[in-house]
Amino acid sequence: MSNTVTELQEVDGAEVTALLDNSLDLLLPSTETAKRTPFAARDTSLIAEHGVSMLVQVTKGSKKASFLYDTGLSRDGLVHNIDVLETKIEEIQAIVLSHGHADHTMGLLGLVRRRGRKSLPLILHPDVFLRRKVVPAAGPEIDLPPPNMADLLAEGIEVVEERESSLLMEGMALVTGEVPRTTKFEKGFPIHYAEVDGQWRPDPLIHDDQAIVINIREKGLVILTGCGHSGIINIVRRAQDITGVDKVYAVMGGFHLTGGLFEPIIPLTVRALKRINPRVVVPWHCTGWKATHRIARSMPESFIPNSVGTRYVL
């Protein structure tokens with residue numbers, strides 16, 4: 001696995017808009033970094049759902065580029081919020097999938113059908129297309145259907161499969177590719193399975209889990225995660241290793257610390273995150289109530305609560 005990517009450019013700035021997340025609070029105040037969607041009487045409102053989608057815009061001089069990171073759980077939720085926020089869908093130049101779980105991929109077809117049959121790169125790890133399921137000790141199995149390759153190709157999507165790190169937007173952003181497990185406590189999802197060669201096999205590491213990295217001039221790395229199945233500290237280390245940049249400015253996205261299997265590692269994770277000392281920390285989606293409140297208490301100057309529609313100016 002490659003450890004060094006020197007081509008990631010420094011950019012002047014980035015904006016990340018929360019198109020979908022689990023939480024919606026229209027009364028949160030704006031800050032210098034978090035620009036909230038104002039509460040207003042309108043025919044329709046933004047919606048929240050158990051999923052993630054981010055619109056990422058990067059700027060360097062006169063260059064601007066926009067791409068989508070994940071597409072949420074429902075077919076129409078992402079498109080609905082794009083309409084409410086009046087996002088210019090034609091300006092989206094690519095889509096990156098963090099991994100193949102349904103709460104990050106199911107809005108894909110709704111989006112491309114709204115956009116029309118035009119070539120659009122979709123960057124993903126090949127394991128995205130594996131059938132997955134979660135097998136709890138008690139209770140029914142939870143099926144996690146993947147995207148369908150044939151459906152994507154039929155809609156004019158250009159599927160780009162990549163296991164290693166890769167550059168986006170003329171080198172202004174980076175996809176981490178597979179994330180090595182280097183911490184002692186982030187050990188994956190033990191009740192997660194994948195169908196390989198017609199047989200269900202343990203798949204605790206979810207190798208397709210990958211993050212986005214942006215390097216902002218004089219501020220450092222912005223690291224965006226979908227679910228963070230690789231472990232948020234492993235992901236930060238991966239970003240530092242492949243960019244050669246130690247300074248971390250912002251960490252945003254799902255940290256996957258919710259539920260009985262992951263709550264025991266919350267103290268270790270937050271302690272390590274404090275040592276990294278990002279200026280901005282925004283937990284999303286599967287971070288969970290307990291972990292979010294621990295981060296808020298431990299890192300009050302960095303913590304920002306997320307809400308659908310928020311635009312982060314970085």
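Here we summarise the structure given alongside this text. (Residues numbered from 1 in each chain as written. Predicted model: local features only at pLDDT ≥ 70, side-chain atom pairs only at ≥ 80, totals over all residues. Heavy atoms only, no water.)

Brief notes about the layout of surface pockets
One number sums up the size of the largest pocket: a volume of about 390 Å³. Considering the residues around the largest pocket, the lining is formed by 23 residues, among which H50, V134, F189, H229 and H256 are closest to the centre. Breaking the lining of the largest pocket down by element, the ones donating at least two residues are helix 2 (102-105) and strand 9 (142-144). Roughly 300 Å³ of internal volume is contained in the second largest pocket. Elements that contribute at least two residues to the lining of the second largest pocket include exactly strand 2 (13-20) and strand 4 (53-60). Broken down by class, the residue content of the lining of the second largest pocket amounts to 4 nonpolar, 6 polar and 6 charged. (1 Å grid on protein atoms, 1.4 Å probe; cavity = no way out; pocket = protein on both sides within 12 Å on 5 of 7 lines; lining within 4 Å. Points joined across faces, edges and corners; volume = space filled by probe spheres on them. Helix = DSSP H or I, 4+ residues; strand = E, 2+ residues; numbered from the N terminus. Nonpolar A, V, L, I, M, F, W, Y, C, P; charged D, E, K, R; others polar.)

Some words on the sheet that holds strand 7 (residues 120-124)
Across the sheet, 8 strands lie side by side as 3-19-2-4-5-6-7-10; this open sheet has mixed pairing. Two strands close off the open sheet at either side, each with one partner strand: strand 3 (34-35) and strand 10 (157-161). Across 7 bridges, strand 4 lies against strand 5 (residues 63-69) in antiparallel orientation. Residue pairing across strands places T59 opposite K64, the latter belonging to strand 5. Sheet contacts for helix 1 (residues 77-85): strand 2, strand 4 and strand 5; angle to strand 2, the most-contacted strand, approximately 120°. (Pairing = 2+ DSSP bridges. Contact = heavy atoms within 4.5 Å. Axes fitted to C-alpha atoms, helices over the stretch in contact; angles between N-to-C directions.)

A word on the environment of R181
With respect to the secondary-structure elements, R181 resides in the loop between strand 12 (173-175) and strand 13 (192-196). Under the relative-accessibility criterion, R181 is labelled partly exposed at 24%. A sequence separation of 54 residues divides R181 from I235, and the C-alpha atoms of the two residues are 8.6 Å apart. Each residue touching R181, except ones within four places of it in the same chain, is listed here: E186, G188, L205, I206, H229, S230 and N234. (Buried < 20%, exposed > 50% of the residue type's maximum accessible area, 1.4 Å probe, protein only.)

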